[in-house]
Amino acid sequence: MTRYYSEHSQYFVSVDCIVFGFDEGKLKLLIGKRQMDPGRGEWSLYGGFVGENESLEDAAHRTLLQLTGLKEMYLKQVGAFGAIDRDPGERVISVAYCALINVKDYNRHLQEEHGVEWVAINDLPPLYGDHQVMVEKAIGILRRRIDTEPLSFNLLPSLFTLTQLQQVYEAILDESIDKRNFRKRMKLLDFIEKTELVDKQSSKRGAALYRLNKKVKE
């Protein structure tokens, strides 16, 4: 690549991945302890530097693929974080991305290899640098968009019960939702469609299984 702007200071650009999952009725975040200085041993999001020949989104996809082994997932940019003193090592500008995955799709061998853990949002330890701010901004975005975009379905298996879906909504919004009101709300959104299948594990009578509406999915 031809070098221009040599008279200007050079900075590092990184991506930080905010990976949410849903498990045991809770919204969880994938975090691990930093294995590099500065901040070695502190709880942190998983990230990496942007390569010279890749876009921000390509860097985020590459980082997530290394972390989870998953190629297709919900991925949205949360924002750029460029405070002068945000990284005590060097001047680093980071662009944060939010990803939503089904915990059961995550390869446990990769989880162990990278030393990361699923931690409930309400039980998070202090995070390195401004990572807590990134997480809070990502949660805010999810809460604002949950009724206008089919976000929650990325956290569930392809077939799910309405109870499971309600639990995801409650976990993201961090509040209880009336069962009847929730089901009316779902009918208005037209995000889901009922299948002929029944989940007999969740109740004796069995609960109807739903899936994401095919048109919405497309």
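What you see is a predicted model, and the numbers here were worked out from it, not measured in a lab.

What counts and how
- Residues numbered from 1 in each chain as written.
- Predicted model: local features only at pLDDT ≥ 70, side-chain atom pairs only at ≥ 80, totals over all residues.
- Heavy atoms only, no water.
- Phe/Tyr/Trp six-rings, centres within 6.5 Å; stacked < 30°, edge-to-face > 60°.
- Helix = DSSP H or I, 4+ residues; strand = E, 2+ residues; numbered from the N terminus.
- Buried < 20%, exposed > 50% of the residue type's maximum accessible area, 1.4 Å probe, protein only.
- Patch = residues over 30% accessible without salt bridge, like charges linked within 9 Å, V, L, I, M, F, W, Y side chains within 5 Å.
- Areas by Shrake-Rupley, 256 points an atom, 1.4 Å probe, with all protein chains shown as cover.
- Salt bridge = Lys/Arg side-chain N within 4 Å of Asp/Glu carboxyl O.
- Core = buried A, V, L, I, M, F, W, Y, C linked by side-chain atoms within 4.5 Å.
- Contact = heavy atoms within 4.5 Å.

(A) Up close: the packing of aromatic side chains. Under the defined criterion, the tally for this structure stands at 6 aromatic pairs. The interplanar angle of 55 degrees and the centroid separation of 5.6 Å between the aromatic rings of Phe12 and Phe49 together place this pair among those described as tilted. Residue Phe12 is located in strand S1 (residues 12–23), and its partner Phe49 is located in strand S4 (residues 46–49); the two are separated by 37 residues in the primary sequence. Classification of Phe12 by relative accessible area gives partly exposed; the value is 41%. Here the aromatic rings of Phe153 and Phe191 are separated by 6.1 Å at their centres, their planes lie at 80 degrees, and the arrangement is edge-to-face. With Phe153 in the loop between helix H3 (131–145) and helix H4 (162–173) and Phe191 in the loop between helix H5 (179–189) and strand S8 (192–199), this pair connects stretches of sequence that are 38 residues apart. Residue class for Phe153 comes out buried when judged on its relative accessible area of 8%. Here Phe191 falls in the buried class, since its relative accessible area comes to 10%. By way of ring pairs, the aromatic residues Phe153, Phe160 and Phe191 are connected into one cluster.

(B) Representation of a nonpolar patch on the surface in the model. Residues Phe12, Met36 and Phe49 make up a contiguous nonpolar surface patch of about 300 Å² in total accessible area. Tracing the sequence through the fold places Met36 in the loop between strand S2 (26–33) and strand S3 (43–44). Using a relative accessible area of 42% as the deciding quantity, one classes Met36 as partly exposed.

(C) Expanded view of unusual backbone geometry. A cis amide bond links Asp37 with the next residue in sequence, Pro38, at an omega value of -5 degrees. Relative to the assigned elements, Pro38 resides in the loop between S2 and S3. Not every positive phi belongs to a glycine, and Tyr5 is a case in point at roughly 60 degrees. Within the secondary structure, Tyr5 sits in the segment before S1. The backbone phi angle of Glu24 is positive, close to 55 degrees, even though this residue is not glycine. Structurally, Glu24 can be placed in the loop between S1 and S2.

(D) Representation of the nonpolar core in the model. Counting residues in each nonpolar core, the largest one holds 44 residues, and the members touching the most others are Ile18, Phe20, Leu29, Val135, Leu165 and Ile192. Every element with two or more residues in this core is listed here: S1, S2, strand S5 (74–81), strand S6 (92–100), H3, H4, H5 and strand S9 (207–212). Here this core gets 7 residues from one element, more than from any other, and that element is H4. Each residue touching Ile18, except ones within four places of it in the same chain, is listed here: Leu29, Leu45, Val78, Ala96, Tyr97, Cys98, Ala99, Met134, Val135 and Ala138. Counting 20 residues, the second-largest nonpolar core is a separate cluster that includes Met73, Tyr97, Ala99 and Val103.

(E) Local environment of the environment of Leu173. With respect to the secondary-structure elements, Leu173 resides in helix H4. What makes Leu173 buried here is its relative accessible area of 17%. Considering only alpha carbons, one finds Leu173 and Ile146, 27 residues apart in sequence, at a separation of 8.8 Å. Not counting residues up to four positions away in its chain, the partners in contact with Leu173 are Arg143, Ile146 and Arg185.

(F) Here's a closer look at the pattern of salt bridges. Applying the stated criterion across every chain, the model contains 8 salt bridges. In this structure, Asp37 engages Arg40 in a salt bridge whose closest nitrogen and oxygen atoms are separated by 3.4 Å. Linking Arg62 and Glu54 is a salt bridge whose minimum nitrogen-to-oxygen distance equals 2.6 Å. Sharing partners across several salt bridges, the network here consists of Asp23, Glu24 and Lys28.

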